[in-house]
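This is what each chain is made of:
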Amino acid sequence: MELGEIIAARRKELGINQAELAQRLLLAGMSVSNQAISKWEKGTTLPNAKQFLALCKVLDIEDINGSFISGSTGLLHDLNMEGRKKALDYIELLRESGRYAPERKQDCFLRTLPLYSLAVSAGTGQFLDGEDYEMVEVGAEVPDGSNFGVRVSGDSMEPEFHDGETVWVHQQRSLMTGEIGIFLYDGSAYLKQLIAKNETVALHSLNPKYKDIVISSELPLRVLGKVLR
């Protein structure tokens, strides 16, 4: 069947004439004359995309592929109009029951965390104790367990961490050797890897251009937290 013939057949199934169909389209926000509908049904002209969608709505045609595309493999393609109507009525009952609605993703839990800058904090000796930070709102992109963020300064931890990048940290007082964290040593804040070997403790840079900072027993090393990423 041609598109116009399908429109005419469905209109007649609903027991309405062309003027009544035009009125239903007007109520759906589409101003169309009954003469235009007559031309569609005869195949003289075709509705545009908006008119076609409005037609499907007022004619209760939900399975557009099955209704208009010959050979369609849609779920309702091998049912007649009455069968499609019964199937769609059942679908509507399922919707109204609310028991089969897809699960909605919960709104992302937002939290506010302090964000520090290594460049600002270096040399002050007040990292985590001073006011050189900003409060930022974060969501699921920040790892669970993060207590604060640090904006990386420099390229000493390339290629893993880049200048200007923000890393998120769990505040804790100790780290295992090989773990990456934020440290305060000799008045400066560092993003480094902790290396402990042969009774020697050092802050290691991933970038081979930089030498390890060997920790002196005379200067306290303060672990501020473990980098989660």
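Keep in mind it's a predicted model, so treat the numbers as computed, not measured.

**Q** What exactly am I supposed to notice about the overall build of the chain here?
**A** Per the secondary structure count, the chain includes seven helices and nine strands. For the chain, the proportion of its 229 residues judged to be buried stands at 37%. In the chain, 54% of the contacts between residues at least 6 apart in sequence involve partners at least 24 apart. For the chain, the computed accessible surface area is about 14,600 Å², with 50% contributed by carbon and sulfur atoms.

**Q** Please clarify how the packing of aromatic side chains should be interpreted in this entry.
**A** For any pair of aromatic rings, geometry is given as the distance between the ring centres together with the angle between the planes. Scanning the model with the defined rule gives two aromatic pairs in all. For the ring pair Tyr116 and Tyr133, a centre distance of 5.3 Å and an interplane angle of 50° mean the geometry is tilted. Of the two residues, Tyr116 sits in strand 1 (residues 111-117) while Tyr133 sits in strand 2 (residues 133-138), which places them 17 residues apart along the sequence. You can call Tyr116 buried: its relative accessible area is 7%. Exposure remark for Tyr133: the relative accessible area of 39% places this residue in the partly exposed category. With a centroid separation of 5.7 Å and 85° between ring planes, the pair formed by Tyr116 and Phe148 is classed as edge-to-face. Of this pair, Tyr116 sits in strand 1 while Phe148 sits in strand 3 (residues 148-151); the two residues are 32 residues apart in sequence, bridging distant segments of the chain. Residue Phe148 is classed as buried on the basis of its relative accessible area, which comes to 1%.

**Q** What's the story with the pattern of salt bridges in this structure? I'm lost.
**A** Oppositely charged side chains are able to pair whenever their charged atoms sit close together. Applying the stated criterion across every chain yields a total of seven salt bridges. A salt bridge links Glu41 to Arg11; the nearest nitrogen and oxygen atoms lie 2.7 Å apart. In this pair, Glu41 is assigned in helix 3 (residues 34-42) and Arg11 in helix 1 (residues 3-13), connecting sequence segments 30 residues apart. Residue Glu41 is classed as buried on the basis of its relative accessible area, which comes to 13%. One salt-bridge network, held together by shared partners, links Glu160, Glu165 and Arg229.

**Q** Quick question: what am I supposed to make of the packing of helix 2 (residues 18-27) against helix 3 here?
**A** To describe two helices that pack against each other, one gives the angle between their axes and the distance between the axes. Running from amino to carboxyl end, helix 2 crosses helix 3 at an angle of 110°, the nearest separation of the two axes being 8 Å. Taken together, the axis directions place helix 2 and helix 3 in an arrangement best described as roughly perpendicular. With respect to the hand of their crossing, helix 2 and helix 3 are arranged in right-handed fashion. In contact with Gln18, Ala19, Leu21, Ala22 and Leu25 of helix 2, helix 3 contributes Asn34, Ile37, Ser38, Trp40 and Glu41.

**Q** Where do I start with the pairing of strand 4 (residues 166-171) in this structure?
**A** Look at any regular strand and the pattern is simple: side chains alternate between the two faces of the sheet. Note: strand 3 against strand 4, four bridges, orientation antiparallel. Its bridge partner lying in strand 4, Arg151 is registered against Thr166. In the sheet, strand 4 pairs with strand 9 (residues 221-227) via three bridges, with the strands oriented antiparallel. Paired with His170 across the strands is Lys226, a residue of strand 9.

**Q** Please clarify how helix 4 (residues 49-58) should be interpreted in this entry.
**A** Working note: α-helix, 3.6 residues per turn, so residues spaced by three or four point in the same direction. When helix 4 is considered as a whole, its buried residues turn out to be Gln51, Phe52, Ala54, Leu55, Cys56 and Val58. Backbone nitrogen of Lys50 and a side-chain oxygen of the N-cap are separated by 3.2 Å at the start of helix 4; the cap is Asn48.

**Q** Explain the environment of Ala202 here, please?
**A** Here Ala202 is to be found in strand 7 (residues 200-204). Ignoring sequence-local partners within four residues, the contact set of Ala202 consists of Gln193, Leu194, Ile195, Asp212, Ile213, Val214 and Ile215.

**Q** Please clarify how unusual backbone geometry should be interpreted in this entry.
**A** Trans peptide bonds make up most of the peptide bonds, and negative phi angles are found at most residues other than glycine. Cis geometry is found at the peptide bond from Glu158 to Pro159, where omega equals 5°. Counting through the fold element by element, Pro159 comes out in the loop between strand 3 and strand 4. Notably, Asn198 is not glycine yet its phi reads approximately 55°, a positive angle. With respect to the secondary-structure elements, Asn198 resides in the loop between strand 6 (188-197) and strand 7. Under the relative-accessibility criterion, Asn198 is labelled exposed at 71%.

Reading the values: the criteria
- Residues numbered from 1 in each chain as written.
- Predicted model: local features only at pLDDT ≥ 70, side-chain atom pairs only at ≥ 80, totals over all residues.
- Heavy atoms only, no water.
- Helix = DSSP H or I, 4+ residues; strand = E, 2+ residues; numbered from the N terminus.
- Buried < 20%, exposed > 50% of the residue type's maximum accessible area, 1.4 Å probe, protein only.
- Contact = heavy atoms within 4.5 Å.
- Areas by Shrake-Rupley, 256 points an atom, 1.4 Å probe, with all protein chains shown as cover.
- Phe/Tyr/Trp six-rings, centres within 6.5 Å; stacked < 30°, edge-to-face > 60°.
- Salt bridge = Lys/Arg side-chain N within 4 Å of Asp/Glu carboxyl O.
- Axes fitted to C-alpha atoms, helices over the stretch in contact; angles between N-to-C directions.
- Parallel < 35°, antiparallel > 145°, perpendicular 65-115°, else oblique.
- Left-handed = near helix turned anticlockwise from the far one by under 90°.
- Pairing = 2+ DSSP bridges.
- Polar contact = N/O pair within 3.5 Å; in protein donor to acceptor, adjacent residues only side chain to side chain.

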